[in-house]
Amino acid sequence: MSLQCGIVGLPNVGKSTLFNCLSNAKAQAANFPFCTIEPNVGVITVPDERLNKLAEFVKPQRIVPTTVEIVDIAGLVKGASKGEGLGNKFLANIRETDAILHVLRCFDDENVTHVDGIVDPVRDKEIIDAELQIKDLETIEARIQKVEKQARTGGDKDALRSLNVFTKFRDALQQGLSARTVSFDNKEDEKIARELYLLTYKPVMYVCNVDEASAATGNKYVEAVREATKDEQAEILIVAAKIESEIAEFDTFEERQEFLQEIGLDESGVARLIKSAYHLLDLQTFFTAGVQEVRAWTFHRGWKAPQCAGVIHTDFEKGFIRAEVIKYDDFIKYGSEAAVKEAGKMNVEGKEYVVQDGDVMHFRFNV
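Quick caveat: nothing in here was measured; it's all calculated off a predicted structure. (Residues numbered from 1 in each chain as written. Predicted model: local features only at pLDDT ≥ 70, side-chain atom pairs only at ≥ 80, totals over all residues. Heavy atoms only, no water.)

Once that is clear, we can look at the overall build of the protein chain. Counting its regular elements, the protein chain contains 14 helices and 13 strands. Here the protein chain, with 367 residues, has 50% of them falling under the buried criterion. Counting only carbon and sulfur atoms, one obtains 47% of the accessible surface of the protein chain, whose full area is about 18,200 Å². (Helix = DSSP H or I, 4+ residues; strand = E, 2+ residues; numbered from the N terminus. Buried < 20%, exposed > 50% of the residue type's maximum accessible area, 1.4 Å probe, protein only. Areas by Shrake-Rupley, 256 points an atom, 1.4 Å probe, with all protein chains shown as cover.)

Below, the structure written as structure tokens:
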């Protein structure tokens, strides 16, 4: 399944520096590569040590990790909702993504000018929020106008349910709140909400770009962002983009790790960003393991076996019969599929089985 995260932010906050770090394969271990498929789009693998561990036992012809697309969306300016700057193109690019990585400047540097003169990440966040909220409000008001008469006079239950969802969003947006602050009690309402593709309903991670001294601990700007976003159900990640660009220049993984340890970090901000983005979207991984390939597959938490089979191929879901499931820890403990079977640790599961993160699976199907 193709997943896409958009990097957004005001000009000169470090957004492109971060994207360039991602685009340099040396910023990650050799088996976590990045490739550019368009000038501002890259595909980067999700670091997962379990994949390599499985491959050590199976010795496949190839290893295929799961991936996330990272899109560098042009810097936003005030008035984008009205077409200022790249305006509508910027907003259209965000609408196509699954999640937003919002880069905020959380460092002082007199050599790097700020578009508004003074470093204030909370204000910067609110500028972009306001532009996206204005656009969402336009979307919601148009949908309300379309469905309101049908709901009020036609007695259409579906229209009335939609109107209630739209109204909740409108009330929040008119108060200057993002759509993601609105919650729903049932799956039907959530489905209607998702299908609106509102910009501010998307999951968001605030990436606080700090200086080297704050890379491990954060600073006053990061704390201000934490306070301002505490009710948003958002994630916050601290990254020193300038340091990440320096790390990317080292030739070996060992050199990069040594440098990271010197500044108090266990792994690079780029690696943490990728993992956090995967987590932000509430995604998990199952594996298939055979002599031809060991492969990671992405699925949404809570999916059942047939849905996960469909990630591999739609025919697998249509003709699903059963799934043979080995827990990752059992595979590692016994060392092979045959040994797991012999130990009685392989489970045969039906259509109602909820797939767990790390499951090693083989699907039986008939079309």
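The next subject is a negative patch on the surface. A surface patch of like charges, here negative, comprises D108, D211, E212, E246, E249, D251, E254, E255, E258 and E262. No other element matches helix α9 (residues 253-262), which puts 4 residues into the negative patch. With relative accessibility at 32%, the residue D211 sits in the partly exposed group. (Patch = residues over 30% accessible without salt bridge, like charges linked within 9 Å, V, L, I, M, F, W, Y side chains within 5 Å. Salt bridge = Lys/Arg side-chain N within 4 Å of Asp/Glu carboxyl O. Lys, Arg positive; Asp, Glu negative; His and termini not counted. Charge placed at Lys NZ, Arg CZ, Asp CG, Glu CD.)

You can see L132 is positioned in helix α4 (residues 121-153). Along the primary structure L132 and T200 are separated by 68 residues, whereas in three dimensions their C-alpha atoms are 6.3 Å apart.

Predicted coordinates in regions of low pLDDT should not be interpreted in detail. Residues at a pLDDT of 70 or more form 89% of the protein chain, whose mean pLDDT is 85. The low-confidence segment residues 25-34, where pLDDT is below 50, has 32 contacts with residues more than four positions distant or belonging to other chains. (pLDDT = per-residue confidence, 0-100. Contact = heavy atoms within 4.5 Å.)

Take the packing of aromatic side chains next. Considering all chains together, one arrives at 7 aromatic pairs under this definition. Where F286 meets F299, the ring centres are 5.9 Å apart and the plane angle is 50°; that geometry is what we call tilted. Residue F286 is found in strand β9 (residues 283-289), and its partner F299 is found in strand β10 (residues 293-300); the two are separated by 13 residues along the sequence. Assigned by exposure class, F286 and F299 land together as buried. (Phe/Tyr/Trp six-rings, centres within 6.5 Å; stacked < 30°, edge-to-face > 60°.)

For the rest of this paragraph, the subject is unusual backbone geometry. Look at K59: it is not a glycine, yet its phi comes out positive at around 55°. Among the structural elements, K59 can be located in the loop between α2 (49-58) and β4 (62-64).

On to the environment of L198, then. Relative to the helices and strands, L198 is located in the loop between α6 (187-194) and β7 (204-209). Along the primary structure L198 and L132 are separated by 66 residues, whereas in three dimensions their C-alpha atoms are 8.7 Å apart.

Another point: the pairing of strand β5 (residues 67-72). Of all 6 residues in β5, 5 are buried, a share of seventy percent or more. Two elements, strand β1 (residues 4-8) and β5, share 4 bridges in a ladder whose sense is parallel. Within β5, the position partnered with Q4 by the bridge is E69. Summarising the sheet, strand β3 (residues 41-45) and β5 pair through 5 bridges and their orientation is antiparallel. The residue bridging G42 from the neighbouring strand is I70, located in β5. (Pairing = 2+ DSSP bridges.)

We now examine the pattern of salt bridges. Counted under the stated rule, the structure contains 22 salt bridges. Salt-bridge contacts for R180 lead to E232; the nearest nitrogen and oxygen are separated by 3.3 Å. Here R180 is found in the loop between α5 (157-174) and α6, whereas its partner E232 is found in the loop between α7 (220-228) and β8 (235-239), with 52 residues between them in sequence. For the residue pair R180 and E232, the accessibility class agrees, reading buried in each case. Sharing partners across several salt bridges, the network here consists of K125, D129, R180 and E232.

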